[in-house]
Structure formats: structure tokens, C-alpha cells
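Listed below are the residues making up each chain.
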Amino acid sequence: MNKPAASDQKVLLSVRNLTIQVPVGNGTCNLVDDVSFDIMESEVFALVGESGSGKSLTMMAVLGLLPLPLRMTQGTIVLRGQELTELDFNGMRQVRGKKMAIVFQDPMTALNPVIRVGKQVDEAIRLHNPGLSAKQIRARGIELFRQVGIPNPEQRYDQFPNEFSGGMRQRVVIAIAMANEPDLLIADEPTTALDVTIQAQVMDVLREVRERTGAAMILISHDLGLVAEHADRIGVLYSGSLVETGTTEQVFGAPQHPYTAGLIASLPRVDQKVDRLYSIPGFVPAPDKRPKGCAFSTRCEMSRDRDACTHARPTLRSMPEGRHSACHYAEETESWAKAQAAARVVLDEVDDSALRQAAEPILSVQDLQKEFDVSRGFLGRRAKMKALRGISFDILKGRTLGLVGESGCGKSTLARVLLRLMEASGGQVMLNGKPLLTMQGSALRSARRNLQVVFQDPYSSLDPRMTVHDIIAEPMRIHDCYDAARVNELLAHVGLGPEALLRRPGQFSGGQRQRIAIARALALQPDVLILDEAVSALDVSIQAQVINLLRDLQAEFGLTYVFISHDLSVVRHISDDVAVMYLGRIIEYGSVREVFENPEHPYTQALLSAIPRHHVPEAERGERILLAGDLPNPLSPPSGCAFRSRCRHAVASCAQSEPELIERTRPHHQSACLRAEELSNPAKLAS
Amino acid sequence: MLYFITKRILQSILTVFGVVTVAFFLVRLSGDPSLLLLSADATQEDIAAIRDAMGLNRPIWVQYLEFIGNALQGDFGNSIRQNSPAMSLVLERVPATLELALTSFAVGIGLALILGTIMRITRKVWLREAIMWIALARQAFPVFSFGLLMILVFSVGLGWLPSLGRGSWQHLVLPALTLGSYELALYLRLFNASLATEQRQDYVRTAYAKGQGRLQVIFQHMLPNALLPIVTVAGINLGLLLGGAVVTETVFSWPGVGRLIVQSVSQRDFPVIIAGVFLLSLIFVVINLIVDLLYSVLDPRVRF
């Protein structure tokens, strides 16, 4: 079915008509339905899709590791001429780890916690090289560690996984995968669990090891930006079927399937601010409840319920230039997508600094401190971990402050301190002009009504045994203002029908659960909503829906948001102001446009350069600043500027004192870098 | 690490001290031992005299301080019933208790690990089900009636093994099986559950993706992790076994510490009770200290 895009390349892996079934009741249900694709030697092929699209299952089938009760009922998988589906378990053992290897998503769990990392690498080498002596195996393992950029490989080889940071563990996993120089490397969401700057490092390592060995790679990801930067060709999966394939330029330039077009349009962009993000309506259907005809038809705004869409199942068909699409009206996609793009209202961002000075802030934070006592070392010496240092910011009513930074920078601690779930060690917080941190008893209780929170994971933030009605009503019951009509109203505000009231969280998808969590947070009519990574766990199309919902609610109720996120594109889209945090401190603060367009601090510059820019042609993307190393230990941060250990512009004076967060070059734009003036002006730096 | 050990040893001493104190006051509430020592027709004067001799007429806190002072020197007083030091009476029984407890512990945990691993390796569903079913059925059976059943079958019926007392290894078989099989059921269920959890771990998937076989994955990756919860439970349980095997000891007339304490309670032999409680609590905290240290060796994530 699939023809190679460039016929001079040889096919490495060929998957044909792959179908994976799961028993459901008396029948079965296809989780992966008739998927076919080819992977050429040395290329990077990306399989893109939302959760439940079957992308990971496809790869587990290729590895012959489908967990029971899943079964591959149809299809062939041919690797370099060898039919893998005919091999038994022992036959596949010769293929796994030798001819193809996999890097899993979560480096925190992919390594056995009680076995030294070196031993886990040794195993992979020994299995496929039985003749090697223990000494040779170790030498090879240490060589692998060096290749994936693990510092001090000899010492680190004998450590346990918990002594490695996330990024370093993923390097170990890559070392294991590359142990026998496989022909095919499968990377299943290899950087999803990692921070932005570490993501860039890991992708770099993957590229290096591939270039050295010439291995092809299947990159499985939900992250379109990552895929745009790293893949040669892309296959888009939707609800178990492949809906589009093509080269990266083709797919991003002019998608041939409305689902792909919708996904791309759902992504917030860093270079402009739009009124509303495009969002694909509805959610991915459960595999046993797919609509008849095209599985995407119920969510497709291009289909307009045409007969072919609702009755005939489209198959992947050839398009010009070696592309494929599974849409009856694929030819219309391009013009439809253009019309969508044209309908985007790009907001004109005005300078509102005058407003900023005039108005009274609703939430004002001054010099907030949080220290944790940690005991460590011989006889438990007490040490203080400074989680928050001198945090100050103001938020005006009805506006959004974005808080960005990598894990460990203190952004979630800040949320907890603001919510009084944790006591601050110093500083002041004024909410509606009243001091929040010193409130006790009933004053605190009523103040809490004005400050609510939505957490990241909608699967664990809702009590699974409570009905939706009880979940939303609970805050009102606590504050003695229960009103059944209000519960209905709230549910309607977040776009759910009254039929949801008596169901329990387990019956909803992630996006719906997050809507329920938002409804609960709004129950007490708060002034300020803290959104702690509230859209980070959601799929792209759902994320756009929830972001739009948040903006609508803000406009309707005049809500003020503290939007905590590691995703800079989303922060750019939703925030008015932004504060960038590093090791417990704000290192840059200003209006979102100012900070994103004229970043002064080298850390902000690095973060911004790491944002995938799928809408910009590769040549114009500019330099990617790769930060070296990991976040320093917060117990013993570097002297002076805490960032200097990873900063490429650090000079001797950076070590002497910590730069203050002050206006350095432009009004209403604060940064904490001594060299801000030079760095914000590349011409000056060069001279 | 040193800090942790020091802290734990201090905690352990405090625990033993607390247990002994509670035991001291509790036994004093249980009644007057002098009444049991004397014949029914003893006069009021006789009772007063003997209470005086035993020091029971003094205020209770004086008695307590005196007891603590003596105990710190290793003197727990003399048994009221038998005129010998209470502690030596208890110590006499310790070998028997250790013999029974450790054998049944080894039987229980050893069989559980073997059977649990077989259950994980075998592809025969009936075998898995059978093992689990037998374990469950055994756990549902009270120790007391199971012990009697064993005696009925193997001593009275078949005449293979002695039913009472301690001496040869044959004496040990029935009590150890009775107690050990109960332990087996407990460990087997725990082990099976933790192996089932291991099966779904990402690192198990990583191991298969390396090309490892099922046995390699089970022995190299799943077992070391699945043993961690077993170690914790085993520590608590071994302590319980040492002091709490009273029912088994009674059924088989096994001369252990548990049985001695129960006898002493009914005879209000205060010094023996307290000496026994002291020794058992000491063993209990020592075992738990060892388990904690062992845990830090087995699981590198735990560091003190």
C-alpha cells in the first residue's frame, strides 16, 4: 500500500495491515485497525497521535511484547526481509535488543531500582554477545556511557538508578538500547517526562547515537513540535487507524487530513497571541464506540456530515508526492485549513504599563520565602533548603500571571504557600488588600473562598467514589452555601450537561475531568484561581478546548489566574504577565510579550530557544541554546548567580553576588542578570 | 547511617522500657498473688505477713522504682511459685521458643518463596489455582483445630510422630508444620501479589525489550523487588511468632516462653511475667532494627 517516498532508499521495517484486538464482553474490539507503514534505513519516522490512538500498542506489537489479553490478529511485520510474526518467543529474543531496541517514556521507572545501572547495561550486552568476558562487557558498557554523555562513567557505572537525575537516567536507557547497535531504535515518548532543557539534551543524544550507528528511529510522540523538529516522515494515528502519512514538511505545510490540520491549528504559538485557539470539538471515541464510517466524522468540522463520511470507512489512499491520507475529501483539507487559519483573530498587544501602575493589585506577593529543614549526612546535620527566595509580584484583577520554570524551581511550592497549604518562612501576601499569611481560623476559611486551585492530574484530584454533583457541591457545603441550581449552572459553564451530575469521575475522559475540577474550583466564586499545570496532562486537542474554556470563564467572571506551567507556548497564549523562576527565585518578570520578544536573562533565552517552532521553516528557526548539565542541588546552589553553573555567558563577577531582580534595560521588564544589557542586544555582545 | 542506628537503638530502649512499665502496672491490677500462695484458711495476719515479705504493702511507685533499679542490674526478682530467679526461668525456655519459631518461620517463608515463584513461572492455570486454593484453605483453618487434626492423623492414627513435648527432631515436625503452614499462607499471598505488581513494572518491560527470557526476567528483575515487602512483614511476624505461638505451644505441650508467660499469668507470678515480657519485647525491637538495616541494603532508594 505504502510506497517509499524516495525510491532510492531501502525499506528497513515494513508493517502491513496490523490489527490488534482486545476481547470486550462476548466480542472483540480493534484497538489498532489495519495499520500499514514502511520505515526506510536511517530515517526518523514519527508516529503521532493522542492517547488511545494506538501508537504505543503498534510498537509493542512490532517488538512482540503485546501484553495479554491483547492479540495481534492480522498483519505482517517484516524487518530487513525477516517476517517477525512467524517467530516464537525465543526467536524474537534474538531480535529484541539486537536488531531493534526501545527507549521508553518514563526514565524514572524504566530502570530496575534495586540493580546497579552498570549491571543493567551489562545484561543487554551479554545477552547478545555470549563470548565476551566480564571485563570486556564492562569496558563496552562504560564506552556506551561515554557515548551518551554521562560524566564520570567509571564511577557512575556502579551507582543505583536513584542516584541519577531524570535526564541522566534516560541516557542510561538509551545506552541500554544502543548496546548492540540496533538497526531500528524505537523511542516511545522519550522526552515527555523531562523538562524542556533536559528534553533538548536527550534528543541531541538520540541524534548523535543514531548518526554514529546509522540506525533508523521510530519516534512515538503526542508532541507535534518535537516531531516537527526531529522527524523525516510522519504518520498520524487517530483512534487506531493511520489517517495520514507524508514528509514532515508536507504534513506541517499542508495537511491532507482534517484531524492533522485540526491538531496543528490547536497548538498555541509563541510568536503571536490569538483570541481563541482552534479546538477539535468532542473527544476521541472509545474503541468500541467508534462511529460508523469515518472514525473522525463526529469531530470533523470539514465533513459537515456528508454521507460518505458517516457511512463509508475511508482507507489510506495515495495522494500526490508520495503522501497518503484516509479522508474521503482529502483534497479539500488544504483550503479548509487555510480558511481556519484566516479566521484566527490575532490580538494586538497594547502597552498597558500605565494601567499596571494605576490599579490596585488583587494579589500582591512581597519577598515571599520558604525554607525546608532537611537533615543529611553524618549524624543528621541540619540543612536548610531554600525553596522560595524573595518572590515578589502583583496581579491585577482579571489578568493572568504565567509562572514558568523547570521542575524543582519552586513553582508548585509557591502555589502551596499561596493556598496556605504550607506555611511561608517569611514575606507577605495581600489578597484583596488583606494579609493572607497571618490569617487564622474563620478569617482564613473565608479568605480561602477567594483563592481556589486546579491541579495537574485530573485522575487523582477528584475522589473516584464521589458523584460529580457531590464533588462540585462539596466546597459549597463546607462554606454553608449549598445550592443545587448553582451546581447545574457551574456544570453548564464548563460545558457539561446535567446528565453528568450523578456519574462518577471514572466515567469521564481526562479533559472532562479537568472541566469538573474547574467547576469545583469556581463553586465559591473565587477571585483568584491557581492553575497548577492544569492543562499539562491533556492531549493537544483537549488542551486547546480547556484553554479556551479558561479564557471564556475569565472574560465572563473577571477571574484572575496564576497559571503555572512548563509549557511556554501555552503560557505565551494565556498570560498577560510572566515570571520565570530558577532555583526558587524569579529571574525575569514582565509582560508576556516583553519577556518573550526581548528576553534578557540567559536562562529565559535558553527556555525560549527550546520551544519547538513548527510554523517556522527550519532554516529560520535560529540557534537552539543547549543548556549544559542538570539543575544544581538546591541545598548547595552555586555562589552568586545560581544559574551561572549552566550559563554560557557567565563571567567572574557572576560568582560574587546574586544579581537583583530589577529593571535593567526597559521599563516594566525586570531581570536578574548582571549582563542583561549586553545580552538583550546581540549586536553589543558580538563586539 | 550512624545517626540512624543510634536513634533507632535509643528508640528501642525506650520501647522496651515502656512495655515493661505497662506490664508492671497491669499485672499489679490483676490481683493479689499472696492469696494464691496461701491456703484457703489462712488468717488475715498470715496474708499481711506474706504481703509484707513480698513488699506489696509499700506504695506502688516505691515498688516500681525498686523494680526498675533491680532490673537495670539484671535482677527481675524471684519467681513466686518456684524459688528461683524469674529471668533464669524464662531463659531456660528460650531455646525451645527459638527452635519452634525459627523452624516454622523458615518453613513458612521458604515454601512461600518457592511456591510463589512456581506460580509465576508455570503456565498451567490449574497448578496456580491449586496452590493458592490450598494456601487459602489452610489460612482459614484455626491453628488450634489444625494442630489437633495433625495430632489425630500423624500421632494417633498413623503413629509416625510424637504428639507432645520437646526432644528429638521428630517432636518438632508437627508444631513446626502447624505454625509454618499458617505463615506460608500469609507470605504466599503477599508474595504473589507483589510479584503480580512487578509484572506490570516498566523495568520488566525494559528487560524483555533487551531480549531477556522469562526466567531471567523473573529471577533477575522481579524477585529482588518483590522480596522487599516480604522483608518488612517478616520482621514483624517473626517477633509475633516468638511470643505469640501460645496456642501451638499449648496444643503440643511445647515448653516455650509464650506458654510460660500464660501459665505465670494464671498463677499471678509477677516477676516471671515481667521477665518474659521484657525478653520478648527486647527480641522484637532487635529484629525490627535488623529488618530496617537489611532494607537499606536491599533497596538503594532507602538511605538513612
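The rules behind the values
Residues numbered from 1 in each chain as written. Chains lettered and ligands numbered in written order. Predicted model: local features only at pLDDT ≥ 70, side-chain atom pairs only at ≥ 80, totals over all residues. Heavy atoms only, no water. Helix = DSSP H or I, 4+ residues; strand = E, 2+ residues; numbered from the N terminus. Contact = heavy atoms within 4.5 Å. Areas by Shrake-Rupley, 256 points an atom, 1.4 Å probe, with all protein chains shown as cover. Lys, Arg positive; Asp, Glu negative; His and termini not counted. Charge placed at Lys NZ, Arg CZ, Asp CG, Glu CD. Buried area = accessible area lost by both parts, 1.4 Å probe. Salt bridge = Lys/Arg side-chain N within 4 Å of Asp/Glu carboxyl O. Polar contact = N/O pair within 3.5 Å; in protein donor to acceptor, adjacent residues only side chain to side chain. Nonpolar A, V, L, I, M, F, W, Y, C, P; charged D, E, K, R; others polar. Buried < 20%, exposed > 50% of the residue type's maximum accessible area, 1.4 Å probe, protein only. Axes fitted to C-alpha atoms, helices over the stretch in contact; angles between N-to-C directions. Parallel < 35°, antiparallel > 145°, perpendicular 65-115°, else oblique. Left-handed = near helix turned anticlockwise from the far one by under 90°. Expected span 1.5 Å × (residues − 1). Pairing = 2+ DSSP bridges. Core = buried A, V, L, I, M, F, W, Y, C linked by side-chain atoms within 4.5 Å. pLDDT = per-residue confidence, 0-100. Phe/Tyr/Trp six-rings, centres within 6.5 Å; stacked < 30°, edge-to-face > 60°. Lys NZ or Arg CZ within 6 Å of the ring centre and 35° of its normal.

Peer 1: Go over the overall build of chain B, please, and point to the residues and values.
Peer 2: When helices and strands are counted, chain B shows 13 helices and zero strands. When the helices and strands of chain B are read in sequence order from the N terminus, they spell out α-α-α-α-α-α-α-α-α-α-α-α-α. C-alpha extents for chain B along the principal axes are approximately 85 × 60 × 30 Å. Partitioning the contacts of chain B with sequence separation of at least 6, the portion at a separation of at least 24 is 74%. Surface summary for chain B: the accessible area is close to 15,200 Å², and the carbon and sulfur share equals 69%. Of the side-chain charges in chain B, 22 are positive and 17 negative, and the distance between the mean point of each set is 18 Å.

Peer 1: Which residues make up the interface of chain B and chain A, and what are the values?
Peer 2: Often, the extent of an interface is quoted as the loss of accessible area upon association of its parts. With 23 residues of chain B at the contact, the number on the chain A side is 27 residues. In total, about 2,400 Å² of surface goes out of reach between chain B and chain A, with carbon and sulfur atoms giving 62% of it. There are one salt bridge connecting chain B and chain A. The interface formed by chain B and chain A includes 15 residue pairs in polar contact (both at pLDDT 80 or more). Across the side of chain B that touches chain A, the residue classes tally to nine nonpolar, eight polar and six charged.

Peer 1: Tell me about the pattern of salt bridges, and please be specific about residues and values.
Peer 2: Residue and element names in this part refer to chain A. Within the structure shown, the criterion is met by 33 salt bridges over all chains. Residues Arg146 and Glu154 are paired through a salt bridge, measuring 3.2 Å at the closest nitrogen-oxygen approach. Judged by its relative accessible area of 44%, Arg146 falls in the partly exposed class. The class of Glu154 is partly exposed, set by a relative accessible area of 39%. Between Glu594 and Arg666 there is a salt bridge, with the nearest N and O atoms lying 3.0 Å from each other. Within this pair, whereas Glu594 is found in helix α22 (residues 592–597), its partner Arg666 is found in the loop between β23 (662–663) and β24 (669–671), the two being separated by 72 residues in sequence. On the basis of relative accessible area, Glu594 is assigned to the buried category, the value being 16%.

Peer 1: Break down the packing of helix α6 (residues 125–140) of chain B against helix α8 (residues 169–199) of chain B for me, with residues and values.
Peer 2: Two quantities define a packed helix pair, namely the angle between the axes and the distance from one axis to the other. Residues and elements named next belong to chain B. Two numbers describe how α6 lies on α8: the axes approach to 9 Å, and their chain directions differ by 130 degrees. If you check the angle between α6 and α8, you find them oblique. Between α6 and α8 the crossing geometry is left-handed. Two secondary-structure elements touch here, α6 through Ile131, Met132, Ala135, Leu136, Arg138 and Gln139 and α8 through Thr178, Ser181, Tyr182, Ala185, Leu186, Leu188, Arg189 and Asn192. Here the contact of α6 with α8 is built from residues that sort into eight nonpolar, four polar and two charged.

Peer 1: Describe helix α19 (residues 510–522) of chain A, and please don't skip the residues or the numbers.
Peer 2: Its 13 residues give α19 of chain A an end-to-end C-alpha distance of 18 Å, which sits within 8% of 18 Å, the value for a rise of 1.5 Å per residue. Counting buried positions along α19 of chain A gives 13 out of 13 residues, so the element sits mostly inside the fold.

Peer 1: Describe the pairing of strand β16 (residues 426–431) of chain A, and please don't skip the residues or the numbers.
Peer 2: Of the pairings in the sheet, the one linking β16 of chain A to strand β17 (residues 434–435) of chain A comprises two bridges and is antiparallel in character. Pairing of Met430 of chain A across the sheet is with Pro435 of chain A, part of β17 of chain A.

Peer 1: Pulling in residues and values, what's your account of the nonpolar core?
Peer 2: By size, the foremost hydrophobic cluster in this structure holds 171 residues, and its most contacted members are Leu13, Phe37 and Leu184 of chain A. Membership of the second largest hydrophobic core comes to 69 residues, among which are Val487, Ala519, Leu549 and Ile625 of chain A.

Peer 1: Hey, could you go over the confidence of the model for chain B for me, with residue numbers and the actual values?
Peer 2: Low-pLDDT stretches of the model should not have their predicted coordinates read in fine detail. Residues and elements named next belong to chain B. Confidence along chain B averages 84 in pLDDT terms, with 96% of residues attaining 70 or more. Per-element averaging of pLDDT across chain B places helix α2 (residues 33–37) at the bottom with 68 and helix α9 (residues 202–210) at the top with 91. With pTM at 0.82, the complex prediction returns an ipTM value of 0.79.

Peer 1: Would you mind going over unusual backbone geometry in detail, with residue names and values included?
Peer 2: With an omega of 0 degrees, the peptide bond between Leu68 of chain A and Pro69 of chain A qualifies as cis. Positionally, Pro69 of chain A belongs in the loop between α1 (55–63) and β4 (71–79). Despite not being glycine, Asn17 of chain A shows a phi value in the positive range, around 50 degrees. Phi is positive for Ser253 of chain B, which is not a glycine, with a value near 50 degrees. Following the sequence through the fold, Ser253 of chain B ends up in the loop between α11 (246–251) and α12 (257–266).

Peer 1: Describe the packing of aromatic side chains, naming the residues involved and giving the relevant values.
Peer 2: According to the stated counting rule, one finds 17 aromatic pairs over all chains in the structure shown. Considering the side-chain rings of Phe145 of chain A and Tyr157 of chain A, the 5.0 Å spacing of their centres and the 75 degrees angle between planes classify their relative orientation as edge-to-face. Here the residue Phe145 of chain A occupies a position in helix α5 (residues 134–147), and Tyr157 of chain A occupies one in the loop between α6 (153–156) and α7 (166–177), the gap between them amounting to 12 residues. For Phe145 of chain A, a relative accessible area of 0% gives the class buried. Tyr157 of chain A gets classed as buried once you look at its relative accessible area, which sits at 1%. With a centroid separation of 6.1 Å and an interplanar angle of 45 degrees, the aromatic rings of Phe154 of chain B and Trp160 of chain B are classed as tilted. Taken together, the aromatic side chains of Phe24, Phe25, Tyr64 and Phe67 of chain B make up a single cluster linked through ring pairs. It is Arg477 of chain A that lies over the ring of Tyr482 of chain A; its NZ or CZ is 4.4 Å from the centre. Seen from the ring of Phe104 of chain A, Arg205 of chain B lies directly overhead, with NZ or CZ sitting 3.7 Å from the centre.

Peer 1: Summarise the pairing of strand β10 (residues 241–247) of chain A; cite the residues concerned and give the values.
Peer 2: All names here are of chain A. Where burial is concerned, most of β10 is hidden: six out of the seven residues are buried. As judged from the six bridges shared by strand β9 (residues 233–238) and β10, these two strands associate in the antiparallel manner. Residue pairing across strands places Arg233 opposite Thr247, the latter belonging to β10. In sequence, β9 turns back onto β10 through a hairpin of two residues, with Ser239 there showing a positive phi of about 45 degrees. Looking at chain direction, β10 and strand β12 (residues 323–325) are connected through two bridges and run antiparallel. Note on β12: the bridge partner recorded for Thr245 is His324.

Peer 1: Residues and numbers for the side chain of Ser266 of chain A, please.
Peer 2: All names here are of chain A. Looking at the element boundaries, Ser266 is found in helix α11 (residues 258–266). Polar contacts involving the side chain of Ser266 include one to the main-chain carbonyl oxygen of Tyr278, which spans 3.4 Å. With residues near it in sequence (within four places) discarded, Ser266 still touches Leu277, Tyr278, Ser279, Ile280, Val540, Ser541 and Ala544.

Peer 1: Which residues make up the sheet that holds strand β19 (residues 528–532) of chain A, and what values do they have?
Peer 2: Residue and element names in this part refer to chain A. Spatially, eight strands are ordered β18-β19-β20-β15-β21-β22-β24-β23 in an open sheet, and the strand pairing comes out mixed. Only two strands of the sheet have a single partner each, and these edge strands are β18 (451–454) and β23. The strands that α19 touches are β18 and β19; relative to β18, the one it contacts most, it runs at about 175 degrees.

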